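Secondary and tertiary structure notes
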Amino acid sequence: MSYTALYRKYRPQNFEDVKGQEHIVTTIRNQIKAGRIGHAYLFCGTRGTGKTTIAKIFAKAVNCENPEEGSPCGRCASCRAIAQGSSLNVIEIDAASNNGVDNIRDIRDEVTYAPTEGRYKVYIIDEVHMLSIGAFNALLKTLEEPPSYVIFVLATTEAHKIPVTILSRCQRYDFHRISADVISQRLQELLVQENASAEEKAVRYIAKAADGAMRDALSLLDQCMAFYMGQKLTYDHVLDVLGAVDTERFSSLLRAVLKNDALSAMRQIEELVTQGRELGQFVNDFTWYLRNLLLLQVSDDMEEVLDISSENLVLLKEECQMADAAQLMRYIRIFSELSSQVRYSSQKRIVIEIAVIKLCRPAMEEDLGSVLERVKQLEKKIEAGIVPVQAAEHPVPAESAQPKQKPLPMPKAVPQDIRQAVQNWQGIVADLPNPVSNFLRKAHLSIGDNGVLLLVLDDAVSFGMLSQESRQKEIADSISRSVGKEVQIQIKLNESGHSFERAYVDLEQMIHAEIEYEDF
C-alpha cells in the first residue's frame, strides 16, 4: 500500500478531533442540533487552519443518519461514502481552476435536482475568491435563494476579494491561526501513534515554524521524520532539515553587532551560508529575536508573551542590559526593510552583509537613529578614557595652509532686470512645476558676459535636466513674468574643479549685501 502523508492520514473525521477552532466548531454543532442550518457559509482564514476539513465534517454531519451531539457518527453509509469521496451529495469545486461563468452555470443547473439519498447537497467551493466577476454574478441568485436541500460552503484565504453582494448572503466564520501550544500537543499525540520519538524542543520549533497552520506543521514533521528515519528527532536535526538557524547564533551575532565587530559578524554570515541555511528565514527569525528583546525591555511582565525556552530567556535578559530600546528599534527597522529586499534579490548574501555592516557602522547612515547611536558610542569612548585624536600641537596657520585665491573681478553695474530677478528668485522657483522646481533650487546665480543671468549647477544630473531647450524656455518665461521684462539666461555646469564661490561671482550674496547696506 502506498504511503499516506501525515496531514492526510490524520485529517480530523469529526468535530471532536478539530484543534484550535473551538469557536467555529461549537457554533456549527449547536446549529445542527437545533436544526437551524444556514444555506450559505463563508470560511475565511490562512492556509492549513482547517477550513476544508470542517466543511467536509459539516457535510457529513448534516447528512448523517445517527448524528451524535451535532457531530457525524462516522459509521453510517452516508458518513462512509462522504469520507471515501464517493458520495453524490458532496460536490467539491476548486475555484482556482474552475472559475468561469460556465462552471457556475453547471452548478445552477444541478441544484434543481434533489439528492437521491440523504437530506442535503453540499457544495464546497475552495479558494472562492478566484472566481471571475461574471462567475460571481452567476452564483449570486442561486446563493440568495437556493432550494431547501442545498447548502453552499465557500472557503477562501482572501475574503477582501469577494464582492460585498456575496458576503452579505453568507454566514461568515473567521478561522484563527492555531497556537504553537496546540500544534505541539497535536504533534506529540501523532508521534505516539507513529511509534516515533522527538525532543520537546524539536517539536516546539516545528510548531513555531508552521506559523499557525496545522497542515504545515504535519508536513514539516513528515519531512523531518523521513530524513532521520528510525532515529529520535532532535532539535539539531530539525534545524538541518529546515535550513534554520539556532537561537544561540542570533545571540552571538547580536553581541558582535553591539561590539561593532563587523569582522566577527561577517564570519558568522559566512558560516550560515556554508551550512546551507535559508537566508530569508534567517532574516525573519533574527527580526523576531530582536522583537523579543525589545518586548523584554519594555516590561518585565512580557515573559508570558514570549514563546521561548528558559535557557534562551536567560540570554535575552542578559542582552537587554547591553542594548537600549533606540538601538533595537533601529536594528528592527533595518532588518524589516531587509526582509522584503531578500525576498526578491538574486544576491541574498550581499544584501544581508550590507545590512549587518549598517548595524555595526551607524556612521554609514545619516538618519536620526544612526546619528544618536554614533553620539552614544562617542560618549562611551569618553567615559572609558578614549579621547578622540586632537589636531597637531602646532597647527599650520590658516593663512599659510590655504593658498591665497586671486579675487574674482567684480562685475560692472548689474542690470536692473537681473537684480530684480535675483531678489524675486525664491518666488520664481516656487512658481515652476516639479521636477524643474526641485532641480532649480540647487542652482547658483551669477552673471555672465553681456549681462546674461548665469544658472550654475554643481551636479551633471541637474544640469542635464535643466539644459533641455523646453525647460530653459520654461524658466525664462517664469523670470519674465516676475520681472515684467525678457531676461536672457544661460545654464552652465561648474567644471572648474573649485566650489561655486571660488569660481564665480555669487550674485545673490552681492545683491543681498547691497540691500542690507542701503537699509542700514
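Here we summarise the structure given alongside this text.

About the criteria used
Residues numbered from 1 in each chain as written. Predicted model: local features only at pLDDT ≥ 70, side-chain atom pairs only at ≥ 80, totals over all residues. Heavy atoms only, no water. Pairing = 2+ DSSP bridges. Helix = DSSP H or I, 4+ residues; strand = E, 2+ residues; numbered from the N terminus. Axes fitted to C-alpha atoms, helices over the stretch in contact; angles between N-to-C directions. Buried < 20%, exposed > 50% of the residue type's maximum accessible area, 1.4 Å probe, protein only. Disulfide = S-S within 2.5 Å. Salt bridge = Lys/Arg side-chain N within 4 Å of Asp/Glu carboxyl O.

**A word on the sheet that holds strand 1 (residues 40-44)**
Strand order in this open sheet of five strands is 2-3-4-1-5, and the pairing throughout is parallel. In the strand order of this sheet, the two ends are held by strand 2 (90-94) and strand 5 (171-174), each with one partner. Across this sheet, the average inter-strand angle for adjacent strands is 15°, counted without regard to direction. Pairing geometry for strand 1 and strand 4 (residues 150-156), over five bridges, is parallel. Along strand 4, the bridge assignment pairs Tyr 41 with Val 153.

**Some thoughts on the pairing of strand 1**
Judged by how many residues are buried, strand 1 sits mostly within the fold: five of five residues are covered. Alternating residues of strand 1 divide into Ala 40, Leu 42 and Cys 44 and Tyr 41 and Phe 43, and every residue in both groups is buried. For strand 1 and strand 5, the ladder comprises four bridges, and the chain directions are parallel. Bridge pairing in strand 5 places Tyr 41 opposite Gln 171.

**Here's the deal with the state of the cysteines**
Counted by the stated rule, this structure contains zero disulfides. Not engaged in a disulfide, the cysteine Cys 64 finds its nearest cysteine sulfur in Cys 73; these two sulfurs lie 3.4 Å apart. Left without a disulfide partner, Cys 76 is nearest to the cysteine sulfur of Cys 79, which lies 3.4 Å away.

**Points about the pattern of salt bridges**
Here the structure, examined in full by the defined rule, presents 21 salt bridges. Glu 69 serves as the salt-bridge partner of Lys 33, at 3.4 Å between the closest nitrogen and oxygen. In this pair, Lys 33 is assigned in helix 2 (residues 22-34) and Glu 69 in the loop between helix 3 (51-63) and helix 4 (77-84), connecting sequence segments 36 residues apart. The exposure class assigned to Glu 69 is exposed, which follows from its relative accessible area of 53%. Ionic pairing is found between Glu 92 and Lys 56, a salt bridge with its closest N-O pair at 3.3 Å. With Glu 92 in strand 2 and Lys 56 in helix 3, this pair connects stretches of sequence that are 36 residues apart. Using a relative accessible area of 47% as the deciding quantity, one classes Glu 92 as partly exposed. Among the residues examined, Lys 56 registers a relative accessible area of 24% and is labelled partly exposed. Here the salt bridges do not stand alone but share partners, grouping Glu 270, Arg 349 and Glu 353 into one network.

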